[in-house]
Amino acid sequence: MAGDKGAKITKREMFLRILLKSLKVRKNRVFITFFSIMIGAAIITALASVYFDISAKMSRELRAYGANFFIGPASASGNRTVDTGTIGEAVKMVPPEKLAGASPYVYGVVRLDLGNAVLAGVDFAGLKRLSPYWQVEGKWITVDFDDESCMIGKTLAKNMELKVGDSVTVIRNETGFQKSLIIKGIAETGQAEDEQIFVSLPLAQKILGMEGKANHAMLSIVTEGTDIDALAATVAGKFPVLDAKPIRKVSSSEGKILEKIKGLMAIVAVIILTITTLCVMTTLITVVSERTREIGLMKAIGADDREIVRQFIAETLLIGVAGVAAGLVVGFILAQVLGQAVFGSSISFRMIVLPVTLIPSVAASLLAAVLPVRMAVRVVPAQVLKED
Amino acid sequence: MAKIVLETKVLTKRYGSVTPLDSIDMQVKGGEWVAIMGPSGSGKTTMLNLLSLLDSPTEGEYILDGVGTATLTEKERVAVRREKIGLVFQQFHLVSYLTALENVMLAQYYHSMVDKGDAMEALERVGLEHRTDHLPSQLSGGEQQRVCIARALINQPAIIMADEPTGNLDEANEEVVLELFKELHREGRTIIMVTHNPELAEFADRVVRLHHGKVVKDA
Ligand SMILES: Nc1ncnc2c1ncn2[C@@H]1O[C@H](COP(=O)(O)OP(=O)(O)OP(=O)(O)O)[C@@H](O)[C@H]1O
Ligand SMILES: [Mg+2]
């Protein structure tokens, strides 16, 4: 082809060169467009980051407030207890990655040195995960088959003048069982547990004469992406002796709060996007009217409508993508401020925020370009070229 | 005898009650240099816009290179202009943010391939090899018009259409531009040039005189 006089320039390189130079010559307008898109994207990013992160955290926090799934004897069976083996099998039906914690419970009344109290037999490892909000003075019991120690509720400790390290004698009249236990920890739970005494499940079964039995089990299941109702139905279906149900109070209020926040944020996002679109559109219309002569010239020397459309869409997209990128960064910083101010929590970045910001922001920029691009296409070279 | 490249039949343009161009019948042969003259407002620019397909007639026919233009779509009109016609304007229209070289390459870009070497050669030909990287605002009027001519020539069009190409130039620059047109004429290109300048018209093969949108003299 042509000689080696100058470097070959591809059409793409030429296109980019025109693109960049035409943006560079209109720095103010480009900046206004960039800034509008950035603000829009930043607010969407901030809202989306807060929403998705807080909803994940809230679900975690509400779950921390206790168990959200109950397994007990089916009421039709008339039993007040179930086999711990059956409970174990039922618990295994929960996908392990969804199970945050689980413990069987067996209850009975016992006599302590200074009076009666409810004794609960639990799996301490599971209980600890079910009740992370417990304030424990002393230590949690960590050994499964520890039959020398117990934990007691704060109110009970106060009433019976017990301290960590004291020993307490547990007597069960019906079985004649009597044993002295060391108090490992005193738990402040804010709930009925404050008046109970906790021992390991096997020990409780022995004290109460309920070997192999439990009254029920409590589970904490990750609700995100789990159909907890379907799970309950499956468990109850497979084990007719069992009753399995989500603990409604927590699950549904959690959902309601999040739905409300989501709706509110969606409205704010739509309003912001509308304003951004109008602002970008106004600027682009100004740009096209400033450039009618240039557009007329391009058409006169051989640019067809497609070429004109391509040029303007590319300019808008370039500014749009840059604006969204900056908006993501600014929005994430804004999310930290919001997270601290409203929820007292930092906000982690979640991948879903990317498409949630990118798609509507870029779509809004393109929508804003529709009218200006049509104006550009309608420029009549014969008219604009003779104006001086 | 050379073939007819351009023919109009009762070509008419109206704007409401104004008829800037009225029933023009004209034929131009390949390689011919036609000067269009006439007083201001006589329809010269209107006619050139129709001939360069920048505008469409209200009535009449325009046949370019044997093809009737009435039924062409806008896209096809652009393509025909790109392939066959090099345009030079009185106000030396250039894209302000592109250099002289880039302005020439822009016409290549819309036409087909961008070839920097060819674009440099075109600028060399109009005597601007030392001004290739200047923006239009850094060039004199005469230099800007020469960039326009280089741009009009870059895709080797058979027909050059120029609307008062020297209207805004001083004598020295007018001379340079005239020399360029003489050269193009020698190369065998068809030239249609609107001009007020009788000295320029002297070099044309033919002068078409317009008055109130009608041809009053064609010789
Ligand atoms: N878009 C338009 N609407 C109405 N009238 C128009 C339009 N364009 C041109 N005219 C009229 O058509 C007539 C011819 O205009 P044209 O531009 O062709 O003149 P011209 O011969 O090129 O003049 P000049 O030598 O001053 O450039 C003028 O009277 C002008 O007012
Ligand atoms: Mg004119």
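The structure reproduced in this document is the subject of the present report. Bear in mind that the values here come from a model prediction, so they are computed numbers and not experimental data.

Some remarks on the sheet that holds strand S5 (residues 67-68) of chain B
Residues and elements named next belong to chain B. Taken in spatial order, the 4 strands make up an open sheet running S2-S1-S4-S5, and their pairing is antiparallel. Either end of the sheet is taken by a strand with one partner, and the two such strands are strand S2 (18-29) and S5. In this structure, strand S1 (residues 4-15) lies alongside strand S4 (residues 59-64), joined through 5 bridges in antiparallel fashion. Each residue of the ladder has a partner; that of Thr8, found in S4, is Tyr62. This element, helix H1 (residues 44-51), spans S1, S2 and S4 of the sheet and lies at about 55° to S2.

A few points about a nonpolar patch on the surface
All names here are of chain A. On the surface, Val329, Val330, Ile333 and Val337 cluster together into a nonpolar patch covering about 350 Å² of accessible area. Turning to its location among the elements, Val337 is positioned in helix H10 (residues 305-343). Accessibility expressed as a relative area gives 53% for Val337, which makes it exposed.

A closer look at the interface of chain A and chain B
With 35 residues of chain A at the interface, the matching set in chain B holds 32 residues. Of the roughly 3,200 Å² buried where chain A meets chain B, counting both sides, 62% is carbon and sulfur surface. Along the contact surface separating chain A from chain B lie 4 salt bridges. Residue Arg82 of chain B is joined to Asp304 of chain A by a salt bridge in which the shortest nitrogen-to-oxygen separation is 3.9 Å. Between chain A and chain B we count 12 residue pairs in polar contact (both at pLDDT 80 or more) in total. If you list the elements that add at least two residues to the side of chain A that touches chain B, you get strand S1 (8-9), helix H1 (11-24), helix H9 (292-300), H10 and helix H12 (381-386) of chain A.

So, empty space enclosed by the protein
Over the atoms, a rolled probe matching the size of one water molecule traces out where space is still vacant. With the rule as written, the count across this model stands at 3 cavities of 30 Å³ or more. Counted as a void, the largest cavity has a volume near 120 Å³. Lining the largest cavity are Ala300 and Ile301 of chain A together with Arg81, Arg82, Ile85, Gly86, Leu87, Ala107, Arg151, Ala152, Asn155 and Pro157 of chain B. Every element with two or more residues in the lining of the largest cavity is listed here: helix H2 (74-84), strand S6 (85-88) and helix H5 (141-153) of chain B. The leading source of residues in the lining of the largest cavity is S6 of chain B, at 3 residues. In terms of lining residues, the second largest cavity is bounded by 13 residues, among which Leu23, Val30, Val287, Glu315 and Ile319 of chain A are the most central. Going through the elements one at a time, H1, helix H2 (27-64), helix H8 (248-290) and H10 of chain A are the ones with two or more residues in the lining of the second largest cavity. A total of 4 residues in the lining of the second largest cavity trace back to one element, the largest contributor, which is H10 of chain A. Residues belonging to the lining of the second largest cavity are distributed by class as follows: 6 nonpolar, 3 polar and 4 charged.

Comments concerning the site of ligand 1
Near ligand 1 there are 13 residues, and of these Lys386 of chain A together with Ser40, Lys44, Thr45 and Thr46 of chain B occur at the shortest range. Mapping the residues near ligand 1 onto chains gives chains A and B. Here Gly43 of chain B contributes a backbone N or O atom positioned 3.0 Å from an oxygen atom of ligand 1. Lys44 of chain B has a polar side-chain atom sitting 2.7 Å from an oxygen atom of ligand 1. For ligand 1, the accessible surface in isolation is 630 Å², of which the surrounding protein chains cover 67%.

A closer look at the nonpolar core
Membership of the largest hydrophobic core comes to 104 residues, with the highest contact counts inside it found for Met298 of chain A together with Leu6, Leu106, Leu123, Met161 and Phe181 of chain B. Here this core gets 8 residues from one element, more than from any other, and that element is helix H3 (residues 100-111) of chain B. Formed by 25 residues, the second largest nonpolar core is a distinct cluster that contains Ala117, Leu181, Leu201 and Ala204 of chain A.

Some points on the sheet that holds strand S10 (residues 206-211) of chain B
Residues and elements named next belong to chain B. Ordered by their spatial adjacency, 6 strands build an open sheet running S6-S8-S9-S3-S10-S11, and the pairing between neighbours is mixed. Both edges of this open sheet fall to S6 and strand S11 (214-218), since each of them pairs with a single strand only. Put simply, the sheet's adjacent strands are angled 20° from each other on average, direction ignored. In the sheet, strand S8 (residues 159-163) pairs with strand S9 (residues 190-194) via 5 bridges, with the strands oriented parallel. When the sheet's bridge partners are listed, Ile159 is paired in S9 with Thr190. Strands in contact with H2 are S6 and S8; relative to S6, the strand with the most contacts, it is inclined by about 85°.

A closer look at the environment of Pro381 of chain A
Take Pro381 of chain A: it is sitting in helix H12. Expressed as a C-alpha distance, the spacing of Pro381 of chain A and Gly296 of chain A, which sit 85 residues apart in the sequence, is 4.0 Å. Apart from the residues lying within four places of it in its own chain, the contact partners of Pro381 of chain A are Gly296, Lys299 and Ala300 of chain A together with Leu54 of chain B.

Side note on the side chain of Glu164 of chain B
All names here are of chain B. Position of Glu164 among the secondary structure elements: in the loop between S8 and helix H6 (171-186). In this structure, Glu164 is buried with no salt-bridge partner, the nearest side chain bearing the opposite charge being Lys44 at 4.9 Å. Setting aside its immediate chain neighbours within four residues, Glu164 contacts Lys44, Gln90, Val194, Thr195 and His196.

Description of the packing of aromatic side chains
According to the stated counting rule, one finds 9 aromatic pairs over all chains in the structure shown. Geometrically, the ring pair formed by Trp33 of chain B and Phe181 of chain B is tilted, given 6.4 Å between the ring centres and 40° between the ring planes. A residue pair is termed long-range when its members are at least 10 positions apart, and Trp33 of chain B in strand S3 (residues 33-37) and Phe181 of chain B in helix H6 qualify at 148 residues. What makes Trp33 of chain B buried here is its relative accessible area of 1%. Take Phe181 of chain B: its relative accessible area is 0%, and that puts it in the buried class. Ring-pair connections join several aromatic residues into one group, and the members of that group are Phe31, Phe34 and Phe35 of chain A. Sitting over the face of the ring of Tyr109 of chain B, Lys11 of chain A holds its NZ or CZ atom 5.1 Å from the ring centroid.

Structural notes on the layout of surface pockets
For the second largest pocket, the calculated volume is near 400 Å³. In terms of lining residues, the second largest pocket is bounded by 25 residues, among which Lys386 of chain A together with Thr45, Thr46, Gln90 and Asp163 of chain B are the most central. Sorting the residues of the lining of the second largest pocket by element identifies H12 of chain A together with H1, S6 and S8 of chain B as the ones contributing at least two each. The dominant element in the lining of the second largest pocket, judged by the number of residues it contributes, is H1 of chain B, at 5 residues. When grouped by side-chain class, the residues that make up the lining of the second largest pocket number 9 nonpolar, 12 polar and 4 charged.

About the criteria used
- Residues numbered from 1 in each chain as written.
- Chains lettered and ligands numbered in written order.
- Predicted model: local features only at pLDDT ≥ 70, side-chain atom pairs only at ≥ 80, totals over all residues.
- Heavy atoms only, no water.
- Pairing = 2+ DSSP bridges.
- Helix = DSSP H or I, 4+ residues; strand = E, 2+ residues; numbered from the N terminus.
- Contact = heavy atoms within 4.5 Å.
- Axes fitted to C-alpha atoms, helices over the stretch in contact; angles between N-to-C directions.
- Patch = residues over 30% accessible without salt bridge, like charges linked within 9 Å, V, L, I, M, F, W, Y side chains within 5 Å.
- Areas by Shrake-Rupley, 256 points an atom, 1.4 Å probe, with all protein chains shown as cover.
- Salt bridge = Lys/Arg side-chain N within 4 Å of Asp/Glu carboxyl O.
- Buried < 20%, exposed > 50% of the residue type's maximum accessible area, 1.4 Å probe, protein only.
- Buried area = accessible area lost by both parts, 1.4 Å probe.
- Polar contact = N/O pair within 3.5 Å; in protein donor to acceptor, adjacent residues only side chain to side chain.
- 1 Å grid on protein atoms, 1.4 Å probe; cavity = no way out; pocket = protein on both sides within 12 Å on 5 of 7 lines; lining within 4 Å.
- Points joined across faces, edges and corners; volume = space filled by probe spheres on them.
- Nonpolar A, V, L, I, M, F, W, Y, C, P; charged D, E, K, R; others polar.
- Near = heavy atom within 4 Å.
- Core = buried A, V, L, I, M, F, W, Y, C linked by side-chain atoms within 4.5 Å.
- Lys, Arg positive; Asp, Glu negative; His and termini not counted.
- Phe/Tyr/Trp six-rings, centres within 6.5 Å; stacked < 30°, edge-to-face > 60°.
- Lys NZ or Arg CZ within 6 Å of the ring centre and 35° of its normal.

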